[in-house]
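If you want the building blocks of each chain, they are given just below.
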Amino acid sequence: MEKQFSLQSFNTFGVEAKANYFAEVNSIEELIQTLQLYSSTNLQILFLGGGSNILFTKDFEGVVIKLNLKGISEEILNDNEVLVTAKAGENWHEFVLHCLNKNYGGLENLSLIPGNVGTSPMQNIGAYGTEIKDVFVSCKVLNRETGELKVFDLEKCRFGYRDSIFKQEEKGKYVILEVSFKLTTQQHTIKTEYGVIKTELHNLGIENPTIQDVSKAVINIRQSKLPDPKELGNAGSFFKNPTIPLFQFEDLKLKFENIQGYPNGDFVKVPAGWLIEQCGWKGRQIGNVASHKLQALVIINATGNATGKEIFDFSTEIINSVKEKYGIELEREVNII
């Protein structure tokens, strides 16, 4: 246990913030002991994974617990399916590569997403036509108050767009310890419906892609558009893509003919990056903070010296700008502390 611990190297924005108390746990037993240690205090507890979806706007007055639970196991279910379980502290992208090396399909479109396995169900991470819920079986969790172990299956997690029960009514109640996925071993479903993936596969000269080819294409696309947090502090996509009623979209289309949208029943998903870019934010910098020059959806710590409050204020300016022009209120995808 350490006091007044700097969290700068534990968040991908690279902003300075201190934790009043900081502990790293490497097993469930250590986690339970640490929780018991602080159960009688009124100190707030924050669990930290890869630090890729969090923005510290101030010092954290309570206890930060870094989850380092590691390990991957598997169980063959049948000729074409395998159950793969990864502990919460496993790096997400390294876990995806591990599965691809074994020719396990289902996660390839989620390559290079930052963060750890344990946080993946919280916001139902997704990219290029795939979401966690498509291959998710269950996750084992620990009740923070009672110390009871529980299993949440697909239905119990109530996954939505970048959403789950862990961000709604059960927020803060459980710690995710491990996650299980059902993946394919032979008859893979190749998802290449996104135009950018098709284009990248064409550029690579690949006509009949394997799951490894799709992963390579996704990695190339993400690397071409998204800055490496080790070089430019960021948390990937800062905002969710807003979903608006169809009638609202049709009204906007009368005024903005080129507005982009992806219909889904009575609703339309509008790309947040497009809205932000149309409001003139792409590549724009204010002080130490900027919207990335290649992807307006990504806010960066441009100088390396930004504070969390500066980044938060910058995001507020973007939200206000988009709302004023389009009447759409963007929602932050990043957790604000």
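What you see is a predicted model; the values in this text were computed from it and never measured. (Residues numbered from 1 in each chain as written. Predicted model: local features only at pLDDT ≥ 70, side-chain atom pairs only at ≥ 80, totals over all residues. Heavy atoms only, no water.)

Caption draft 1: Fine view of the packing of aromatic side chains. Taken as a whole and assessed by the stated rule, the structure comprises 15 aromatic pairs. Arranged with centres 5.0 Å apart and planes meeting at 85 degrees, the rings of Phe 136 and Phe 159 form a pair that is edge-to-face. Placement of Phe 136 in strand β10 (residues 136–143) and of Phe 159 in the loop between α3 (154–157) and β12 (174–184) is noted, with a sequence separation of 23 residues between them. Each member of the pair, Phe 136 as well as Phe 159, is classed as buried. Taking 5.9 Å as the distance between ring centres and 55 degrees as the angle between the ring planes, the aromatic pair formed by Trp 274 and Tyr 326 counts as tilted. Here Tyr 326 lies in helix α8 (residues 308–326) and Trp 274 lies in helix α7 (residues 272–278), a separation of 52 residues in the sequence. Comparing Trp 274 with Tyr 326 shows no difference in burial state: the two are buried. In textbook terms, an aromatic cluster arises when at least three aromatic residues are bridged by ring pairs, as seen for Phe 5, Phe 10 and Phe 22. Its guanidinium or amino end placed over the ring of Phe 152, Lys 156 lies 6.0 Å from that ring's centre, counting from NZ or CZ. (Phe/Tyr/Trp six-rings, centres within 6.5 Å; stacked < 30°, edge-to-face > 60°. Helix = DSSP H or I, 4+ residues; strand = E, 2+ residues; numbered from the N terminus. Buried < 20%, exposed > 50% of the residue type's maximum accessible area, 1.4 Å probe, protein only. Lys NZ or Arg CZ within 6 Å of the ring centre and 35° of its normal.)

Caption draft 2: Fine view of the nonpolar core. Membership of the largest hydrophobic core comes to 45 residues, with the highest contact counts inside it found for Phe 239, Ile 276, Ile 311, Ile 318, Tyr 326 and Leu 330. Mapped by element, the contributors of at least two residues to this core are β2 (18–25), β3 (45–48), β4 (54–55), β5 (60–67), α6 (246–255), α7 and α8. Of the residues forming this core, the biggest block, 6 residues, is contributed by α8. Ignoring any residue separated from it by four or fewer positions in sequence, one finds Tyr 326 in contact with Leu 252, Phe 256, Ile 259, Trp 274, Leu 275, Gln 278 and Cys 279. (Core = buried A, V, L, I, M, F, W, Y, C linked by side-chain atoms within 4.5 Å. Contact = heavy atoms within 4.5 Å.)

Caption draft 3: A look at the side chain of Asn 301. Positionally, Asn 301 belongs in strand β19 (residues 298–301). Classification of Asn 301 by relative accessible area gives buried; the value is 4%. One polar contact links the side chain of Asn 301 to the main-chain carbonyl oxygen of Phe 13, over a distance of 3.0 Å. For Asn 301, the side chain forms a polar contact with the main-chain nitrogen of Ala 306, separated by 3.0 Å. (Polar contact = N/O pair within 3.5 Å; in protein donor to acceptor, adjacent residues only side chain to side chain.)

Caption draft 4: Up close: the packing of helix α4 (residues 195–203) against helix α5 (residues 211–225). Axis separation between α4 and α5 bottoms out at 9 Å; the angle between their running directions is 105 degrees. Taken together, α4 and α5 sit at an angle that is classed as roughly perpendicular. For the pair α4 and α5, the contacting residues are Val 196, Ile 197, Glu 200 and Leu 201 in the first and Asp 213, Val 214, Ala 217, Val 218, Asn 220 and Ile 221 in the second. Looking at side-chain class alone, the contact of α4 with α5 contains 7 nonpolar, 1 polar and 2 charged residues. (Axes fitted to C-alpha atoms, helices over the stretch in contact; angles between N-to-C directions. Parallel < 35°, antiparallel > 145°, perpendicular 65-115°, else oblique. Nonpolar A, V, L, I, M, F, W, Y, C, P; charged D, E, K, R; others polar.)

Caption draft 5: Highlighting helix α1 (residues 28–38). Looking at α1, one finds that the buried residues are Leu 31, Thr 34, Leu 35 and Tyr 38. Projected onto a plane normal to the axis of α1, the buried residues spread over an arc of 100 degrees and lie on a single side. Seen from the buried face of α1, the exposed residues on the opposite side, beyond 90 degrees, are Glu 29, Gln 33, Gln 36 and Leu 37. Looking at the buried side of α1, the elements it contacts are β2, β3, β5, β10 and β12. (Arc of directions from axis to C-beta.)

Caption draft 6: Quick peek at the sheet that holds β5. With respect to topology, 4 strands assemble into an open sheet ordered β1-β2-β5-β3, the strand pairing being mixed. What marks the edges here is a single partner per strand, and that holds for β1 (2–6) and β3. With strand direction ignored, the average angle separating the axes of adjacent strands in the sheet is 45 degrees. Pairing of β2 with β5 involves 6 bridges; the strand directions are parallel. Looking at the pairing, Glu 24 lines up with Lys 66 of β5. Taken strand by strand, α1 contacts β2, β3 and β5, and its axis lies near 145 degrees from that of β2. (Pairing = 2+ DSSP bridges.)

Caption draft 7: The side chain of Gln 295, seen in detail. Structurally, Gln 295 can be placed in the loop between β18 (289–291) and β19. The contacts of Gln 295, once residues within four sequence positions are left out, are Lys 225, Leu 226, Gly 273 and Lys 282.

Caption draft 8: Structural view of the sheet that holds strand β13 (residues 233–237). Judged by pairing direction, the sheet is antiparallel, and its 4 strands sit side by side in the order β13-β19-β18-β17 without closing on themselves. A strand with exactly one partner marks an edge of an open sheet, and here the two such strands are β13 and β17 (285–286). Where β18 and β19 come together, 3 bridges link them in antiparallel fashion. Bridging from a neighbouring strand, Ala 290 pairs with Ile 300 of β19. Against the sheet, α8 touches β17, β18 and β19, its axis set at about 35 degrees to β18.

Caption draft 9: Seen up close, the environment of Lys 255. Note that Lys 255 resides in helix α6. Residues Lys 255 and Tyr 326 lie 71 residues apart in sequence; the distance between their C-alpha atoms is 9.5 Å.

Caption draft 10: Quick peek at unusual backbone geometry. Phi is positive for Asn 103, which is not a glycine, with a value near 65 degrees. Among the secondary structure elements, Asn 103 is positioned in the loop between α2 (92–101) and β8 (126–127). With phi around 50 degrees, Arg 158 is a residue other than glycine that occupies positive phi space.

Don't take any of this as a statement about function, it's just geometry.
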